[in-house]
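An overview of the molecular structure
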Amino acid sequence: MMSKMERLYRAGREEIPQEAEHIQTISRDLFDVIDIVNVQSARAGDPAILVDMLTIGGDLYDVLRDAVTSLNNCAAAVIATADDFRRTDEDAASDYDKMSDSLKGSQPLPVSAPPEIKDPEAEGATTVVGGDDGHVPPEEVEVESTPDPTKTPDEDKQDHEDAEAASDYDYQREQRSGR
């Protein structure tokens, strides 16, 4: 049976940091999804449904980031409390002496919080490209929101047909000249 001291140290040194790491993994996956949706939203002209999804995703991501920090603080507080009990209570000191050496180790390193995402619901997007293969350094790239169309569908269709005709004319001309 575990003593109260052992429970405190196990919680502060193992269980709480494991939960922080689990939440960090989830938040990093969410970070990637938000990045992808943000870029696609910008390319689609930031439609309301995608902006709403990014708002909810960004809020959830912020909660997960804060949870990682809170769990790190909680682990440190639990260990500090157990250390204080050990110093001020004879029974706690006796229980501590009987614990395994693995639980008597040093303070666990805090789990790093995932990076901040600034306003994913804002117009446009910022994403990182490169860095995956180690040869190209990562670089932040701005993706501007696609503007609303300024032409009617009929005007756009006519421009497209004119461009097709010009392209076909240029191709035929190159064929006749032997290029």
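For the structure itself, look to the data block above.
Quick caveat: nothing in here was measured; it's all calculated off a predicted structure. (Residues numbered from 1 in each chain as written. Predicted model: local features only at pLDDT ≥ 70, side-chain atom pairs only at ≥ 80, totals over all residues. Heavy atoms only, no water.)

**Side note on the overall build of the protein chain**
- Each helix and strand in the protein chain was counted, giving 4 helices and 2 strands.
- Ordered by position from N to C terminus, the α and β elements of the protein chain give α-α-α-β-β-α.
- For the protein chain, the C-alpha atoms occupy an extent of roughly 100 × 40 × 25 Å along the three principal directions.
- Relative to its full complement of 179 residues, the protein chain shows a buried share of 27%.
- Partitioning the intrachain contacts of the protein chain with sequence separation of at least 6 by distance along the chain shows that 73% fall at a separation of at least 24.
- Of the roughly 12500 Å² that the protein chain leaves accessible, carbon and sulfur atoms contribute 51%. (Helix = DSSP H or I, 4+ residues; strand = E, 2+ residues; numbered from the N terminus. Buried < 20%, exposed > 50% of the residue type's maximum accessible area, 1.4 Å probe, protein only. Contact = heavy atoms within 4.5 Å. Areas by Shrake-Rupley, 256 points an atom, 1.4 Å probe, with all protein chains shown as cover.)

**Describing the packing of helix α1 (residues 4-43) against helix α2 (residues 48-88)**
- Contact geometry of α1 with α2 gives a least axis separation of 8 Å together with a crossing angle of 165°. The angle between α1 and α2 places the two elements in the roughly antiparallel class. Once α1 is placed against α2, the crossing between them reads as left-handed.
- For the contact of α1 with α2, the class distribution of residues is 28 nonpolar, 8 polar and 4 charged. (Axes fitted to C-alpha atoms, helices over the stretch in contact; angles between N-to-C directions. Parallel < 35°, antiparallel > 145°, perpendicular 65-115°, else oblique. Left-handed = near helix turned anticlockwise from the far one by under 90°. Nonpolar A, V, L, I, M, F, W, Y, C, P; charged D, E, K, R; others polar.)

**So, unusual backbone geometry**
- At Asp-46, a residue that is not glycine, the phi angle is positive and equals roughly 50°.
- Within the fold, Asp-46 resides in the loop between α1 and α2.
- Look at Asp-46 and you get buried, because its relative accessible area is 14%.
- Backbone geometry places Asp-119, a non-glycine residue, at a positive phi of 45°.
- In this structure, Asp-119 sits in the loop between α3 (90-98) and β1 (125-129).

**Structural notes on the pattern of salt bridges**
- Within this structure, the stated rule accounts for 4 salt bridges.
- The closest approach of N and O atoms between Asp-84 and Arg-87, which form a salt bridge, is 4.0 Å. Of this pair, Asp-84 and Arg-87 both sit in helix α2, separated by 3 residues, roughly a single helical turn.
- Looking at Asp-84, the relative accessible area reads 39%, which means it is partly exposed.
- On the basis of relative accessible area, Arg-87 is assigned to the exposed category, the value being 58%.
- Three or more residues are tied together by salt bridges with common partners; here these are Glu-6, Arg-10 and Glu-14. (Salt bridge = Lys/Arg side-chain N within 4 Å of Asp/Glu carboxyl O.)

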